[in-house]
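Summary of structural features
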Amino acid sequence: MGSRLKTGIDVLDRKLNGGVPEGNIVALTASPASQSELLLYELTAARGTLYLTTHRSDQAVKDAIDATNTSTGNPTVRDVGGSEPLDEANRLIRALPEGANLIIDPVDPLERRDRPRFRTFLNELQTQMVNTGSIAILHCLDGHDVPRNRDATEHMADVVFDLDTRVEGTDMVNRLAVPKFRGGQALGETIKLELTEEVAIDTSRDIA
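What this report covers is the structure whose coordinates are included nearby. As the structure is a computational prediction, the values presented were derived from the model and not from experiment.

**Description of the overall build of the chain**
The number of helices and strands found in the chain is seven helices and 11 strands. Over its C-alpha trace the chain gives a radius of gyration of 16 Å, about what one expects of a compact globule, namely 17 Å for 208 residues. Buried residues in the chain amount to 49% of all 208 residues. Counting contacts in the chain only where the partners sit at least 6 residues apart, residues at least 24 apart contribute 68% of the total.

Structure follows, in structure tokens:
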């Protein structure tokens, strides 16, 4: 396994023994009605980041990152939500510098393309991540309309982060599982997170 790159999220880096191996693809699955974007924004603080947005405009993403109160970087944001998102994403990814972060938020529109083309995209993405020693984070919305190629995304991904957000009593509870860590060790338990203005461990006790 290659050297690990910090995610920039301290709680994750501690649990993952230093971070994510360079060259990896990470799938972050989460509800559309969650604070999962906060995880993405904090990831930009670790290193130079190319942030590809497929739903929101590039300006909307920049404004959201500027407005957050947590530590962030200054990512290059590009809108690839046009009629040929795979082609546009490929063009930008080919120019990714060494040791960078790539965020695709969300990956759903790419997953809705033709299966052979999407499979080719994932394989080329994997090659580019390895060649540049970078990390790709694919934001996968786990809502009512999951794309049919989601299984391919999660199978190709080296690491899967699964954020579960639900209401328990009067509390909004966020639990992050890492069920898959190719070449490493998946986490045996979930991490209870506090997702308000920043990503932190929720230290409140669960009462049975």
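**A few points about unusual backbone geometry**
Cis geometry is found at the peptide bond from aspartate 105 to proline 106, where omega equals -20°. In this fold, proline 106 is placed in the loop between strand S6 (101-105) and helix H5 (108-111). For asparagine 17, which is not a glycine, the phi torsion comes out positive at approximately 55°. Its place among the elements puts asparagine 17 in the loop between helix H1 (10-15) and strand S2 (20-21). For asparagine 17, a relative accessible area of 64% translates into the label exposed.

**So, the nonpolar core**
As a rule of thumb, soluble globular proteins bury nonpolar side chains together. The biggest cluster of nonpolar side chains holds 32 residues, and the ones touching the most others in it are Leu40, Tyr51, Ile137, Phe161 and Val199. Sort the elements by how many residues they give to this core and helix H2 (residues 36-43) lands first, with five residues. Counting 26 residues, the second-largest nonpolar core is a separate cluster that includes Leu50, Ala136, Leu138 and Met156.

**Comments concerning the pattern of salt bridges**
Scanning the entire structure with this criterion turns up 12 salt bridges. Glutamate 88 serves as the salt-bridge partner of arginine 91, at 2.6 Å between the closest nitrogen and oxygen. Residue arginine 91 and its partner glutamate 88 are both found in helix H4 (residues 85-93); the two are separated by three residues, about one turn of the helix. Exposure remark for glutamate 88: the relative accessible area of 28% places this residue in the partly exposed category. Counted as one network, the salt bridges with shared partners bring together Glu84, Asp87, Arg113 and Arg117.

**Considerations on the side chain of asparagine 149**
Structurally, asparagine 149 is set in the loop between strand S7 (135-141) and helix H7 (150-156). The contact partners of asparagine 149, leaving out residues within four places of it in the chain, are Glu111, Arg113, Asp114, Arg115 and Phe118.

About the thresholds
Residues numbered from 1 in each chain as written. Predicted model: local features only at pLDDT ≥ 70, side-chain atom pairs only at ≥ 80, totals over all residues. Heavy atoms only, no water. Helix = DSSP H or I, 4+ residues; strand = E, 2+ residues; numbered from the N terminus. Rg over C-alpha atoms; globule rule 2.2 N^0.38 Å. Buried < 20%, exposed > 50% of the residue type's maximum accessible area, 1.4 Å probe, protein only. Contact = heavy atoms within 4.5 Å. Core = buried A, V, L, I, M, F, W, Y, C linked by side-chain atoms within 4.5 Å. Salt bridge = Lys/Arg side-chain N within 4 Å of Asp/Glu carboxyl O.

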